[in-house]
Each structure stands twice: as C-alpha cells, then as structure tokens.
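Analysis of the macromolecular model
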Amino acid sequence: MPSSKSDVLQGTIDLLVLRTLDVRGTLHGYAITQHIQRGSADLLRVEEGSLYPALHRMEQAGWIRGRWGTTEKNRQARFYAITAAGRRQLEQEQESWVRLTDGVNRVLRFA
Amino acid sequence: MSWFHRLANTFRPRSLSRDLDREMAFHLAERADDLAAHGMSDDDASLEARRRFGNTTAVTERTRDRDVVLWLESLLADTRYAARTLIANPGFTAVAVLSLALGLGANTAIFTLANTVVLRSLPVRDPQQLVLVDIRDTKHTADKGDPYFTNPIWEEIRDHTHVLSGSFAYANRTFNLASGGIVRHATGAVVSGAFFNVLGVRVVAGRLFGPSEDVRGCSGVAVVSGGFADRELGGAASAVGRTLSLEGHPVPVVGVADPRFFGIEVGRKADVFVPLCTVDLFDGPHALDERSRWYLEVMGRAPGLTPEMVSARLSAAAPAIFQATLPADWSKASQTHYLSQVFGARPAAGGLSELRNQYAHPLWLLMAAVGVVLMIACVNIANLLLARGAARQREIAIRLSLGAGRSRVIRQLLSESVLLALIGAALGAVFAHWADRVIVAWISTRHEPALLDLSIDWRVLGFTIVAALVTAGFFGLLPAWRATRVDPQTMMKSGGRSIAGSRRQRISRPLVAAQLALSLALVTGAGLLLTTFRNLDEVDPGFRREGVYIVQTDFAHAASDTARQPIMEREVLQRLAAIPGVRSVSQSAFTPMSGAGWNDFILTPGYSAHDDKDSLSYFNEVGATFFSTMGTPLLSGRAFREGDGDIPTTPAIVTRTMARHFFGVDNPIGRTFRTPVADSASAPYEIVGVVGDSKYNTLDETTQPIVYLPLGAKGGIRGWTQWNYELRSDLPMSTILPAARDAIVGVSPTIELDATTLSAQIHATLARPRLLATLSGFFGALALVLAVVGLYGTLAYDVTRRRNEIGIRMALGAAWRDVIRLVLGDAGRIVAAGIVVGAALSLVGSRFVSSLLYGVAPQDVRTLVGAILILACTALIATLLPAWRAARTDPTEALREE
C-alpha cells in the first residue's frame, strides 16, 4: 500500500463526510469513501473500517439521515443525506478547521 | 432526538446489528467489484477488499458501543456466556462462590449491625432536625456534656426558653406489670406531653399525649406500642380503654402508637409510655420537685440551627434557669459549680443508644476485620482466575485473533467475576441474616435484650451491591488484564503453558505473602481480644460467684406502714433460710455487678484528697451473713451482728483498699470517718472490721474502696425497698425460684420478686469482650485458613508446573530430601515475607484495639509470637503435601511427558 497517502486525521472525518454529503447530496458509504479519495486527488485515504462507526455516530447526533435504497447495480445500500443540524455542524467544523490550519501554517512559516 | 434513537435502538438491537452487517457487506462487494475491474481475480479482490476494510468484528463492536443503551445487549450476552462458563467449571465455581459468600456475608452481617446501631436515623419525621441537650462545665464547653436533667430544670427550659421549636423530656423506665409475686417487666418510658407530637409519631388507635399531659396533677394514663397492644391487649382496637397494672397502680390505656415506633433508644424497644406528670404516682408525691434527681434526657427540634447556635442561645438562659432550680441542701462549693453550668446541644438524628455507646467502636473494628477477610478471599479467587486465565490463553488468543477487541474480552472475563460476586453476595446475605440474629442474641442480656430492627434498607442493599462489585473488580480485573495481554501469534504457535506459568508465579507469590501478612494481623488481634476475655473471666472478683442465687425483692407495695418493712424483711430472710438445700442466706441493698450502686465522699481527719473523685467510696448495706454467704474473707476485726444497725455509733466494715486509701494502714479498727451532709458532716462511723476487696460495678474496674454498713444503720439508705437476698445452694434454678416465691408470698402476696444467679449477672457484664473474642477469633481463623489455602494452591500449582525440572534434578542425582528442601525453601521465603510484613501490620493495627484490652498490652510480644507460631505451623502443614508430591516425582515419567 502506498505509504505517501496519509490516513484521514483523527477528528476530521466528520468534516469530510459532512462536506461530501453537502456537496454531493445523498450517497452511500462506499461512494463517500470514493469521493473523499478522489476529491483529495488521492492524497487522503479514509480508513474504510472506521467510516461506519463515524456514520452511525453522526446519524445518532442527528447530523445526517440514513435510508435503505437500491444502487444502479441493484444492490441494497444505505444512503446518507445531510440534515439542517448537520449543515450547522459543518459550518462550525469548517471554521475551526480553517482556524487550525491557519494557526499551523503561521507556525510553519515563522518558527 | 438522539435519545429517541437510543431508546428505539434498545428495542431493535438485532436489527441495528443486521443493518451494519448489510452495510459492510455492500461496501466489501463494491470494493471487490472495483478491484476486479482493475484486473484482480475475484478471490484476490474479495480478500484485498477485506484487508482494506480492516477488522469487521471490531468495527461492528465499535459502532455498537457508540450506543449506551446497547451496552445492555452485550451485557446480557456476556452474562449468559459467563453463566455457561461457570456451570462448565463446577469445582471452581463452588470454591469461589463459597469463599465469596463467607467474605461478603460477614461484611453484610457486620455492616447491617453497624447500620442499625450507629448509622440509621430514628424512624420519625425529619430526624436530622433533632438535637440532644446536655449540661456542660463552663470550662469544657467543647466536650460532650452530661445529658441528664432534673424535672425542675426541664420545666424551666420548657416554659422559659424558645430556642427549640418543640422539645420534650424522656426517661427510660421499666414497669412491673404484675402486682405482687414474680415480676413481669414491660420496657417503657416516662415522657413529657409534647413527646409524640414533636417526633411526629402516627397514632393507630385512641390518642397520644398532648399539652394536658404537661400540667402538674394530670391523671395517670398510658400509651402503648403497636406490638405491645397485639401481644398483651388483643390488638390496637381493643387496647384503648383497657387498664394496665403498672407498679401496682391501675393505669388506663388511652392510645396505641405506630408499631414501627420503638421509642428513641436504639437497641431498646419501649412498649409502655406514661406522662412525666405522673411520676409522682410511682415515685412519691414530691418526685417532680426533686432538684437532685437526674434522670431526664431532653431533646428538641432545631430546624436551620447548628448545635453550636442552640448551645449558645440556651446558655444565655442558663444562669436564670440554674438559679431558679438550685438545690438548697447542697454544699456551697457544689452550689457555686451548679450555678456556673451552661447548656450544650449535639445532633441526635440517631436517637439515644446505650448499645451504640458500647458497640460503635467494636463494630467498626469488626468491619475492618471482615474487610480484611474479604480481601484475603479475593486474592484466592484472583489466583484461581489467574491460573484459569493461563489455561484459557489459547481460547482468548483465538478470540483476539478473530477480531475481538481487548477491552471486549476483558469485559467478558469481568462479567464472569461480577456474576460470581453477585451470586456470592446473594448467598452471603442469607448467611448474614442468620449471623446477625446470633450476634444480637449474644449481646442481649436477660434484663436488657438488644431489640434491633435489622430489616434491610437502601443503605445495606447499596453496601452489599457495591461491596460485591468492588470485590469483583478486585479479584477479576488483574487476571482479566493479564489473560488478555497475549500476542495471538506467539500464543498460537507455542503451547503457551510455560510462559503463562512463570508470569502467574511472579504475581501470585507477593499476593500470597500479602494474604499471610493480613491474616497474621487478624490472628494477633484475635489473640489480644481472646487474652482480654480470658483475663476478665479469671479476675478474682473478691467473692465466690458459683452457687449463689440472687432473689431480688421489692417491698414498695407491701408495707403501708414503713415501720413494718424491716420486720417483713427479716421474715423473708428466715423463710428463705428454711428452704431445704439452701446453705446460707444473706441480705444486701446491692449486689456486685448489678449496675446499681451507691457512693459518697469520705471525710476523715488524716486524709486530704487531691480532688473530689479521690475521696469517693462505694457503699453497700448488708446483713450479718453477707460476707460468709458471698465467700468474701474477713481480714481483721469482726463481721456484722444482729442489731448492729441500732448501735449509736454506726459500725462499718471496710475493704482493704478503703483502709489503705483513707487511713494508710491495713488495720484501721476503731478509727472513724464521716460523710458530708450539705456543708457539715454526718455522725461518725466506726470501723469494726476489714474484708477483702471486691469488684463493684465491672470486672475490669481498678479496685475501688467500699464501705459496708449494717442493715438499718443511721445514715444508711433508709426507706430502701429493693432488697436483694443472696442464697448459697446447689439446687437448680427451677427448684429455687418456686420455693423462693412460696416463701416470700407467704410473708406477703404484695412483695414483688425476681431471681437470677450471681454468675449470670457477671456473665452479662462480659457480653462485649465475649462477642469481640468470639468474632475476632472466628474471623482470624477464617483469614488464616483462607491465606493458607492460598499458599497451598500456589505451591501445588508450582510443583505441577515444575514437574519437568524436578524430574531432571532427580535424574541428575537429587535425593527426595533435596526436593522437599526445594519446596520448603520456596514456601519459607513466602511465609517469611508474610510474617515480617504481618508483624509490622500487627504492631500498627493493635493501636486500634488498645481501648478494648484488659490485662494485656497492645504490643504484647507473647501474643505476637504465638500468632506467628500458629501461622508458621499451619503454613508448614499446607506446604508438606505439595512437597511430598514433589518428592514422589518419578523422573522417568516426568521426563517422558514433555
């Protein structure tokens, strides 16, 4: 496995999932993984096993809503969509992410 | 929102878990498709998909653990699995459950007692508001004061202070229900009118007391407890209106109180309540005005006030109250002191309790002892679990490699421990219920049965459950932690036995040493308490207690003319002496160790006391045959004779300690002394004889000076009606009691009587040391057995494990003696470590028992050495069996096994 791909930072998975669902609408878990990987130009790799606990946690928090549906290949899959509460959460997480990266960048520049 | 989800999830745990499985299956299928599309073979693709996904089981569990409520689902599964494992290992389960039942049961038993006697509040309305008022010296206001009041002081407090919102006075009293003949006691209390209202006691029938019972000259009425109404009066409904005979006076019952209400003294159940205003009925016309009768306890409600605030506010009224109630016949010095006193208050939510005063400290001590026993039992189970964990390493390794999270496996193993502990606690509760009854029977005496409400309340329940869970954590956590600390790969490859064994050994040896140390401390403590009891039992009381019956009489209702009483007393003496088989009879005001007595100050020219206490002597009034009947030796001078009470200068007989203390000689015959009467002195008493010392109140008291006066002496207790007759006889009680009753009723049917033996009377004073000696001995032995079983288990396991090594040693020429020495040396190191630590523990711990000891120092070397010897011998026995087994190892067989 290529080691240059960094695993998704602990705690950022919520942000990525919410952002993905906000942009792409309703998606199943596998598509979310694919989208994050492609959207990051293969720089980020979601540890696939850890996605589902995160999805369930977010669903229980009320940020996303899951529903069973059928894919184009006629497979049963659970489709997730972002909720209003999820959008508010996304805004917050985006803000704190920007603050974090801004802070880290400053340190890298001036340290 | 999320709560709704969680709630919904509880009802469909299976569907959630199935949802997740489906979702993951879909993911894997999509990934495999993608990989296949990139040219992988189908098999490789699905394998790679799985590998990328990671541990599916762990994912399932992590996802499910997100939900608090779903935890219950896995708990249920764990419990079911744990139950199956326990059933599959009946031997282990039986040993573990039994030791836990003993350990937890002992803890529950002692805690139930401590809860009832020390912790629990009275079953009345808002008990935390109650305070007990007492009287304190101005100099020592911080100390607990004297809680006894006279009626005049109480009336002043009731009428002229407004600090307490509701207060009452209370005095224990035992009533004789029979009129004449053998007495029938009812425990009861004298209470002021507000008693029931202030406490908020519910009435079952009729009425309780009210303000009309606080008025002088009230009519005699009684309120009885629900239990008494059922036992004696045919139920609450028919009780009201019935008439009781109390001390020979007819008293109508006006009400029945809540059956759960036992009064305000824990350990005593008050059945008959009479108003304070009626004590003159029982104690003579001026009883309520007596300024030197200290018998009332005063309690009240102080909502929102601290005891300090109550003390300060009541004390502001103290000078006026003490001035108004000053006893006129006291000496000037005593009066000055009386006027300087103040009031204090202390929280009294738990009510009053003589039993608590006596047993609070022993109960906490026993609590510590049973805690240690439980700890030792826990270590044994921990060792068993460690051994089993070692045996189960393959199973655990398999489960770990199949994807179970480590914490999940620990939880699984822990649920076994918790299940064991809960079963043990449940069994232990049954055992505790039974044990508490035995203990209560032990601390009960005939006249003071300990009546305790030992029902299980939330505190006992909570204690038992918490104790069981803590116990489970204590013995389960370490083995579970260790058992799961395996690397599945290594484990699956190797047999695993040797690794697990050596790790277990490293930890189990210090544990066994700790067990031995703790048990040594308990055995030493038990040794000290047993020595104390033996010392007390062997104390020479100054008389021969065997074969002496005490017939207690009361002439209060017998003689309307007090002049006739001495004639009747003498007649009773003669008739008792005439009973066939009675060798000698005597008469006295008090008997030793009865709890009743009389003391006074001694004034004698050559003696100046350091303080008031130093010039006190006990007194007794006795007949001519008292010393010969009791077996007290006459050392010099003469015994009393008939008519000594009529001699103008009253003759007195003193004990040797009295002679030495006040006269500085062994033989002060002919010398005189006086007692104070207000500010002057009494007529002189002339010493005519000296007798050996006797114990007066308790066996463990330092020998007190005693003065004996002849019957009917001037300055004696004139008007005393409760005379004791001592009968020396070999007849059984069943013969003596009816014969004595016939003899006394023959004199007058209105004389009341009861009988006991001198031995029983002394036996009763030893209730506490006996209980402590027995229980500490039992817990010490239990601790020792458990610790030695632990030692045996560890050694036996070691010998089995090292069979191979022993076989090689023997093959290389080691004799069986060398093998035995090997095992003994091993055991010796563990035991030695245990003894060193245990001895240190004993020396530190014995400080806590020092106040309960008699005739033995807390750091008594003989007791410690004795305890060490007992431990060493028991440990040696436990070592011999494994050593012998090791020595019998057949080298060829042992080597062939590997």
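Here the residue numbering is sequential within each chain, running from 1 through the sequence in written order. Chain letters start at A and ligand numbers start at 1, both assigned in the order the entries are written. Local features in this predicted model are restricted to residues whose pLDDT is 70 or higher, and side-chain atom pairs enter the listing and the counts only when it is 80 or higher, whereas totals over whole chains, interfaces and linings include all residues.

1. Details of the overall build of chain B
Which entries qualify depends on this criterion: Numbering of helices and strands runs from the N terminus, with a helix taken as a DSSP run of H or I at least four residues long and a strand as a DSSP run of E at least two residues long. Throughout, the radius of gyration refers to the C-alpha atoms, and the reference size of a globule is 2.2 Å times the residue count to the power 0.38. Here exposure depends only on C-beta density: within 10 Å of a residue's C-beta, 20 or more other C-beta atoms make it buried, 12 or fewer make it exposed, and intermediate numbers make it partly exposed, the C-beta atoms being placed from the backbone. By the convention adopted here, residues are in contact when the distance between their C-beta atoms, placed from the backbone, does not exceed 7 Å.
Each helix and strand in chain B was counted, giving 30 helices and 24 strands. On C-alpha atoms alone, chain B measures out to a radius of gyration of 37 Å, which is more than a quarter above the 29 Å that the 2.2 N^0.38 rule sets for 898 residues. Expressed along its principal axes, the backbone C-alpha trace of chain B runs to roughly 130 × 75 × 55 Å. Every one of the 898 residues in chain B was classed for burial, and the buried ones make up 41%. For chain B, the share of sequence-separated contacts (at least 6 apart) that also reach a separation of at least 24 residues comes to 82%.

2. A short note on the overall build of chain A
Helices and strands together make up the secondary structure of chain A, namely four helices and five strands. Start at the N end of chain A and walk to the C end: the helices and strands fall as β-α-β-α-β-α-β-β-α. Across the 111 residues that make up chain A, the buried fraction comes to 26%. Looking at chain A alone, contacts between residues at least 24 apart form 50% of all its contacts between residues at least 6 apart.

3. Details of the environment of B:Ala814
Structurally, the position occupied by B:Ala814 is in the loop between helix H27 (803-811) and helix H28 (816-845). Residue contacts for B:Ala814: discarding those within four places in its chain leaves B:Arg809 and B:Val819.

4. Overview of unusual backbone geometry
Residues other than glycine seldom take positive phi values, yet A:Asn74 does so here, at roughly 65 degrees. Of note, A:Asn74 is situated in the loop between strand S4 (64-70) and strand S5 (76-82). In this structure A:Asn74 comes out as exposed when scored by C-beta crowding, with 6 C-beta atoms within 10 Å. Phi is positive for B:Asp126, close to 40 degrees, though the residue is something other than glycine. Looking at where B:Asp126 falls in the secondary structure, it is placed in the loop between helix H6 (90-119) and strand S1 (130-136).

5. Section: the sheet that holds S5(A)
Residues and elements named next belong to chain A. Rule in force here: Following DSSP output, two strands are said to pair if at least two bridges run between them.
Taken in spatial order, the three strands of this open sheet run S2-S5-S4, and their pairing is antiparallel. On the outer flanks of this sheet lie strand S2 (27-28) and S4, each paired with one strand and no other. Both S2 and S5 contribute to a ladder of two bridges, which runs antiparallel. Its bridge partner being in S5, His28 is matched across the sheet by Phe79.

6. Remarks on the nonpolar core
All names here are of chain B. Rules: Residues of type Ala, Val, Leu, Ile, Met, Phe, Trp, Tyr and Cys that are buried and joined through C-beta atoms within 7 Å form what is called a nonpolar core.
Ranked by size, the top nonpolar core spans 107 residues in total, and within it Val373, Leu516, Ala783 and Leu791 carry the most contacts. Looking at this core, the element that brings in the most residues is helix H15 (residues 354-391), giving 21 residues. The residues touching Ala783, leaving out its near neighbours within four places in the chain, are Val372, Val373, Ile376, Leu518, Ser519 and Leu522. Within the second largest apolar cluster, 69 residues are counted, among which are Leu122, Leu132, Val204 and Leu246.

7. With respect to helix H3 (residues 42-53) of chain B
Note the cut-off: A helix is expected to span 1.5 Å multiplied by its residue count minus one.
Taking 1.5 Å as the rise per residue, H3(B) with 12 residues should run 16 Å; its terminal C-alpha atoms sit 16 Å apart, in good agreement. Backbone geometry just downstream of H3(B) places B:Gly54 in the positive-phi region, at approximately 95 degrees.

8. Some thoughts on the packing of H28(B) against helix H29 (residues 861-887) of chain B
All names here are of chain B. This is how it is decided: Fitted lines through C-alpha atoms give the axes, limited to the stretch in contact for helices. The angle between two N-to-C directions lies from 0 to 180 degrees. Angles are sorted into four bins: roughly parallel if under 35 degrees, roughly antiparallel if over 145, roughly perpendicular if 65 to 115, and oblique for all others. For a crossing to be left-handed, the near helix must be turned anticlockwise from the far one by less than a right angle; the clockwise case is right-handed. As a working rule, the residues Ala, Val, Leu, Ile, Met, Phe, Trp, Tyr, Cys and Pro are called nonpolar, Asp, Glu, Lys and Arg charged, and the rest polar, with Gly in that last group.
Remark: H28 packs on H29, axes separated minimally by 9 Å, with the N-to-C direction vectors making an angle of 155 degrees. Looking at the two axes, H28 sits roughly antiparallel to H29. The interaxial crossing formed by H28 with H29 has right-handed handedness. In contact with Trp816, Val819, Ile820, Val823, Leu824, Ala827, Val831, Ile835, Ala839 and Ser842 of H28, H29 contributes Leu864, Ile868, Leu871, Ala872, Ala875, Thr879, Pro882, Ala883, Ala886 and Ala887. Its residues assigned to classes, the contact of H28 with H29 comprises 18 nonpolar, two polar and no charged.

9. Section: the packing of helix H1 (residues 13-24) of chain A against helix H2 (residues 29-39) of chain A
What describes two packed helices is the angle between their axes and the distance between those same axes. Residues and elements named next belong to chain A. Two elements in contact, H1 and H2, have axes separated by 10 Å at closest approach and are oriented at 95 degrees. By the angle class used here, H1 and H2 are roughly perpendicular. Residues Leu16, Val17, Thr20 and Arg24 of H1 pack against Ile32, His35 and Ile36 of H2. A class-by-class count of the residues in the contact of H1 with H2 yields four nonpolar, two polar and one charged.

10. Structural notes on the pairing of strand S4 (residues 185-191) of chain B
Residue and element names in this part refer to chain B. Of all seven residues in S4, six are buried; the element is thus mostly enclosed. Where strand S2 (residues 167-176) meets S4, seven bridges bridge the pair, whose relative direction is antiparallel. Looking at S4, one finds that Thr174 is bridged to Thr187. As defined by bridge partners, S4 adjoins strand S9 (residues 272-275) across four bridges and the pair is classed as parallel. Each residue of the ladder has a partner; that of Gly188, found in S9, is Val272.

11. Some thoughts on the confidence of the model for chain A
Selection rule: pLDDT gives the predictor's per-residue confidence on a scale running from 0 to 100.
Taken residue by residue, chain A gives an average pLDDT of 81. The fraction at 70 or more is 89%. The low-confidence segment residues 1-6 of chain A, where pLDDT is below 50, has four contacts with residues more than four positions distant or belonging to other chains.

12. Quick look at the confidence of the model for chain B
All names here are of chain B. On average, residues of chain B carry a pLDDT of 86, and 93% of them reach 70 or more. Predicted confidence in chain B is weakest over helix H1 (residues 2-11), with a mean pLDDT of 49, and strongest over strand S22 (residues 706-710), with 95. Every residue in residues 495-501 is under pLDDT 50, and counting partners more than four places away or in other chains gives eight contacts. Reported for the predicted complex are a pTM of 0.74 and an ipTM of 0.82.

13. Looking at the environment of A:Ile13
Among the secondary structure elements, A:Ile13 is positioned in helix H1. Separated by 37 residues in sequence, A:Ile13 and A:Ser50 place their C-alpha atoms 9.2 Å apart.

14. Brief notes about the environment of B:Ala333
Residues and elements named next belong to chain B. Tracing the chain through its elements places Ala333 in helix H14 (residues 332-339). The exposed category is assigned to Ala333, around which 10 C-beta atoms lie within 10 Å. On a C-alpha basis, the gap between Ala333 and Arg120 in space is 42 Å, while along the polypeptide they are 213 residues apart.

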